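Each chain, letter by letter, is given below.
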Amino acid sequence: MADLTLTGLSKVYPGGVRAVDDLDLSVVDGEFFALLGPSGCGKTTLLRTIAGLETPTTGRLSIGDRDVTGLSPGRRDVAMVFQDYALFPHMTVQDNIAYPLRIRGVGRAQRHDQAAQTAAGLSLSTLLERRPAELSGGQQQRAALARAIVSRPALFLFDEPLSNLDARLRLEARTFLKRLQRDLGVTTVFVTHDQAEALALADRIAVMEAGRIRQLGTPKQVFHRPANLFVASFIGSTPMNLLPGTVAGESVRIPGGAVRIPAAARGLVTDGDEVVFGVRPEYLTLSGEPAGGAIAGTVAIVEDLGTASLVSVEVGDVTVAVTVPEGAEPDIGADGWLTPAPGRALLYRAGAGDLIAAPAADAPAEPAAAP
């Protein structure tokens with residue numbers, strides 16, 4: 001086990017494309033760390049650079065107390081699980097698992113014993129003589145994990161290993177992966193574009209955009225206090241409602257009415273400031289009766305989510321999403337009033353997009369990298 005430190009790391013491709021842009025990052029020993037962001041943000045390039053599959057243009061990379069910047073992948077003591085698992089199709093499961101030991105020169109009998117022990121821990125004992133084509137997606141994933149585990153590396157690197165699984169298997173694999181990492185205690189860097197995976201699995205998350213980290217924090221910090229409009233719009237199974245407005249006294253005038261300035265932002269804005277009022281659909285209440293401080297609109301769409309419904313309310317020329325309990329669905333075309341839950345709304349500066357508030361004492365937001 002070891003920590004991971006990146007200092008001034010950049011990866012620039014021909015043509016000046018900066019896939020990773022002067023990045024500083026520390027992952028502590030035993031941490032489950034997620035790199036999260038949309039396609040093309042640089043997260044997979046960063047993971048491949050950590051693995052040694054890409055050469056950094058500038059910067060330094062350390063694993064534990066070793067500078068591994070110039071080392072080949074095989075000398076870094078890392079194990080990587082790819083999106084497509086990258087199992088050798090002509091080998092049995094046992095030989096696939098044992099392959100890292102074979103590369104290290106471990107004898108056949110010993111490596112097969114170690115492969116069998118590792119396979120047993122992942123419920124693969126009855127599949128050792130099969131080839132990858134004879135396995136389900138979940139079984140292939142476990143075989144790829146067993147191959148990574150067998151060499152007992154200092155660092156696990158996962159490149160979207162759950163993306164090829166169906167919805168049910170994905171949930172099962174997510175729970176399994178979290179338990180496995182906790183039991184092994186190996187420092188893990190996990191790349192995903194699925195924020196639900198990152199929130200469920202990670203101890204900390206780095207949200208990336210255009211090769212830079214826009215916010216670094218725990219899942220609760222990133223979800224409840226997005227540091228900027230990019231993170232606010234990206235994190236959440238349904239995106240945060242972001243409504244343009246103007247400060248007027250103790251309120252923000254937005255489409256459909258006016259709302260109180262969030263407590264944490266009071267005193268940090270002045271009359272006439274252009275701002276963005278943010279509140280998640282889960283933290284809005286929809287009522288059929290007018291209420292003080294509520295936002296007026298018209299119900300446009302109702303989507304059944306099973307135990308709840310997602311309601312789209314047209315407010316002026318914008319649409320606001322709100323989650324309502326099962327059985328409380330409004331009629332299409334009905335008038336509705338939206339009230340933010342106390343303490344759950346956020347305020348951002350228009351243009352710059354940064355959060356206007358000092359972090360709450362119980363949920364300190366870590367500073368984002370410079371945009």
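Residues numbered from 1 in each chain as written. Predicted model: local features only at pLDDT ≥ 70, side-chain atom pairs only at ≥ 80, totals over all residues. Heavy atoms only, no water.

A.B. asks: Looking at this structure, I do not really get helix α3 (residues 108-121). What am I missing?
C.D. replies: Quick reminder: α-helices carry 3.6 residues per turn. Residues three or four places apart thus point the same way. Between its first and last C-alpha, α3 extends 20 Å over 14 residues, near the 20 Å set by a 1.5 Å rise per residue. The set of residues buried in α3 consists of R111, H112, A115, T118 and A119. Burial along α3 is one-sided: seen end-on, the buried residues are contained in an arc of 130 degrees. In α3, those exposed residues whose orientation departs by more than 90 degrees from the buried face are A109, Q117 and G121. Close packing links the buried residues of α3 with α2 (93-103) and α4 (137-150). Of the residues one or two after α3, S123 is the one with positive phi, at around 55 degrees. (Helix = DSSP H or I, 4+ residues; strand = E, 2+ residues; numbered from the N terminus. Expected span 1.5 Å × (residues − 1). Buried < 20%, exposed > 50% of the residue type's maximum accessible area, 1.4 Å probe, protein only. Arc of directions from axis to C-beta. Contact = heavy atoms within 4.5 Å.)

A.B. asks: Can you help me understand the nonpolar core in this one?
C.D. replies: Soluble globular proteins: nonpolar side chains tend toward being buried together. In terms of nonpolar packing, the biggest core is built from 38 residues, with I205, V207, I235, L338 and L347 touching the most fellow members. Membership of the second largest hydrophobic core comes to 34 residues, among which are V81, L122, A144 and F190. (Core = buried A, V, L, I, M, F, W, Y, C linked by side-chain atoms within 4.5 Å.)

A.B. asks: Help me understand the sheet that holds strand β19 (residues 335-340), please; the structure alone is not making it clear to me.
C.D. replies: Strand-to-strand pairing in sheets goes through backbone hydrogen bonds, with the strands running parallel or antiparallel. Spatial ordering of the open sheet is given by β15-β19-β16-β17-β18, a layout of five strands whose pairing is antiparallel. What marks the edges here is a single partner per strand, and that holds for β15 (284-287) and β18 (318-325). If you compare each strand with its neighbour and ignore which way they point, the axes differ by 45 degrees on average. Sheet analysis places strand β16 (residues 295-304) next to strand β17 (residues 308-315), joined by six bridges and oriented antiparallel. Looking at β17, one finds that I301 is bridged to S312. (Pairing = 2+ DSSP bridges. Axes fitted to C-alpha atoms, helices over the stretch in contact; angles between N-to-C directions.)

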